[in-house]
Amino acid sequence: MTTRVRERSATYEDLMQVPEHMVAEIIGGELYAWPRPAGPHARFASALGMDVGSAYDRGRGGPGGWWILFQPELHLQNHVIVPDLAGWRRERLPELPQNHVFLVAPDWICEVLSPSTARVDRVKKLPIYAAHGVDHVWIVDPIVQTVEILRLVDDKWAVHGVFGGDDDMRAAPFEEVEIDLASIWGPATPITQ
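An account of the accompanying structure is given in this report. What you see is a predicted model; the values in this text were computed from it and never measured.

## Some thoughts on the pattern of salt bridges
Thought 1: Following the criterion strictly, the structure yields 10 salt bridges and no others.
Thought 2: The residue D57 makes a salt bridge to R90 at a minimum N-O spacing of 3.1 Å. Of the two residues, D57 is situated in helix α2 (residues 39-57) and R90 in the loop between β7 (85-89) and β8 (101-102); the sequence distance between them amounts to 33 residues.
Thought 3: The exposure class assigned to D57 is buried, which follows from its relative accessible area of 18%.
Thought 4: Linking R170 and E178 is a salt bridge whose minimum nitrogen-to-oxygen distance equals 3.9 Å.
Thought 5: The partly exposed category is assigned to R170, whose relative accessible area is 44%.
Thought 6: Assessed through its relative accessible area of 43%, E178 is described here as partly exposed.
Thought 7: Shared partners join several salt bridges into a network, and the residues in it are E25, E111, D121 and K125.

## Points about the environment of L103
Thought 1: Relative to the assigned elements, L103 resides in the loop between β8 and β9 (108-112).
Thought 2: Counting along the chain gives 84 residues from L103 to P19, while the straight-line C-alpha distance between them is 24 Å.
Thought 3: For L103, the contacting residues outside a window of four places in its chain are H75 and L76.

## Here's the deal with the packing of aromatic side chains
Thought 1: All chains considered together, the criterion is met by 8 aromatic pairs.
Thought 2: Grouping aromatic residues by their ring pairs yields a cluster made of Y56, W66, W108, W138 and F174.

## Details of the sheet that holds strand β4 (residues 66-70)
Thought 1: Judged by pairing direction, the sheet is mixed, and its 6 strands sit side by side in the order β4-β7-β9-β10-β11-β12 without closing on themselves. Unpaired on one side and paired on the other, β4 and β12 (156-164) mark the two borders of the sheet. The average undirected angle you get between the axes of adjacent strands in this sheet is 15°.
Thought 2: Pairing geometry for β9 and strand β10 (residues 136-141), over 5 bridges, is parallel. The residue of β10 that forms the bridge with W108 is H136.
Thought 3: Sheet strands in contact with α2 are β4, β7, β9, β10 and β11 (146-153), and its direction is about 165° off that of β4.
Thought 4: Where helix α3 (residues 118-131) meets the sheet, its contacts fall on β9, β10, β11 and β12, and the angle it forms with β9 comes to roughly 175°.

## Regarding the layout of surface pockets
Thought 1: If you add up the space inside the largest pocket, you get close to 320 Å³.
Thought 2: In this structure, the largest pocket is lined by 15 residues; those nearest its centre are L15, M22, A24, R36 and E73.
Thought 3: Put simply, the parts of the chain that give the lining of the largest pocket at least two residues each are α1 (12-16) and β2 (22-27).
Thought 4: In terms of residue class, the lining of the largest pocket is built from 10 nonpolar, 2 polar and 3 charged.
Thought 5: Counted as a void, the second largest pocket has a volume near 260 Å³.
Thought 6: The wall of the second largest pocket is formed by 23 residues, among which P37, H41, V112, S114 and T117 lie closest to the centre.
Thought 7: For the lining of the second largest pocket, the secondary-structure elements that each account for two or more residues are β2, β3 (30-35), α2, β9 and α3.
Thought 8: When grouped by side-chain class, the residues that make up the lining of the second largest pocket number 12 nonpolar, 5 polar and 6 charged.

Thresholds, definitions, all that
- Residues numbered from 1 in each chain as written.
- Predicted model: local features only at pLDDT ≥ 70, side-chain atom pairs only at ≥ 80, totals over all residues.
- Heavy atoms only, no water.
- Salt bridge = Lys/Arg side-chain N within 4 Å of Asp/Glu carboxyl O.
- Helix = DSSP H or I, 4+ residues; strand = E, 2+ residues; numbered from the N terminus.
- Buried < 20%, exposed > 50% of the residue type's maximum accessible area, 1.4 Å probe, protein only.
- Contact = heavy atoms within 4.5 Å.
- Phe/Tyr/Trp six-rings, centres within 6.5 Å; stacked < 30°, edge-to-face > 60°.
- Pairing = 2+ DSSP bridges.
- Axes fitted to C-alpha atoms, helices over the stretch in contact; angles between N-to-C directions.
- 1 Å grid on protein atoms, 1.4 Å probe; cavity = no way out; pocket = protein on both sides within 12 Å on 5 of 7 lines; lining within 4 Å.
- Points joined across faces, edges and corners; volume = space filled by probe spheres on them.
- Nonpolar A, V, L, I, M, F, W, Y, C, P; charged D, E, K, R; others polar.

Written out as structure tokens, the structure reads:
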């Protein structure tokens with residue numbers, strides 16, 4: 001369930017009033033709030049974060065040089081956005097902020113779709129990410145088991161690959177490490193209409 005406040009532009013104080021068991025964001029002056037991710041969503045984000053984070057954040061089996069974080073709070077002008085995963089090249093963000101507020105746009109974002117967030121992730125957030133120069137976005141649908149790789153080209157999103165099912169994935173900006181999608185989807189989930 002998504003809740004929106006439309007009477008006036010939402011403030012950070014409005015966001016702070018949302019119960020802790022929900023994820024809240026301010027996008028285009030509107031407050032959005034939804035429950036924490038369901039099992040398939042949380043499973044994929046966690047497993048992907050472990051694979052990418054190990055190689056790129058910690059440098060285990062990969063080049064390192066990145067910060068990979070779960071659900072960071074991005075403050076991009078008047079927007080407060082919480083992607084499922086985000087990554088910064090350390091040359092652009094040498095040190096993590098000491099609080100929970102990230103003012104530098106990530107180099108990579110991964111949004112894991114759920115029925116309550118899919119439209120906002122695609123329609124509202126993607127233009128904001130483009131406007132702030134995020135170079136790479138992965139859009140994951142854990143129900144149909146697909147990963148869409150988007151790259152910012154001339155201020156527009158271009159599809160640079162689509163992976164799914166039991167594919168072994170090498171995708172920008174993390175091409176050096178192969179990601180075994182079958183191992184991170186978890187048990188097969190039946191597709192329902």
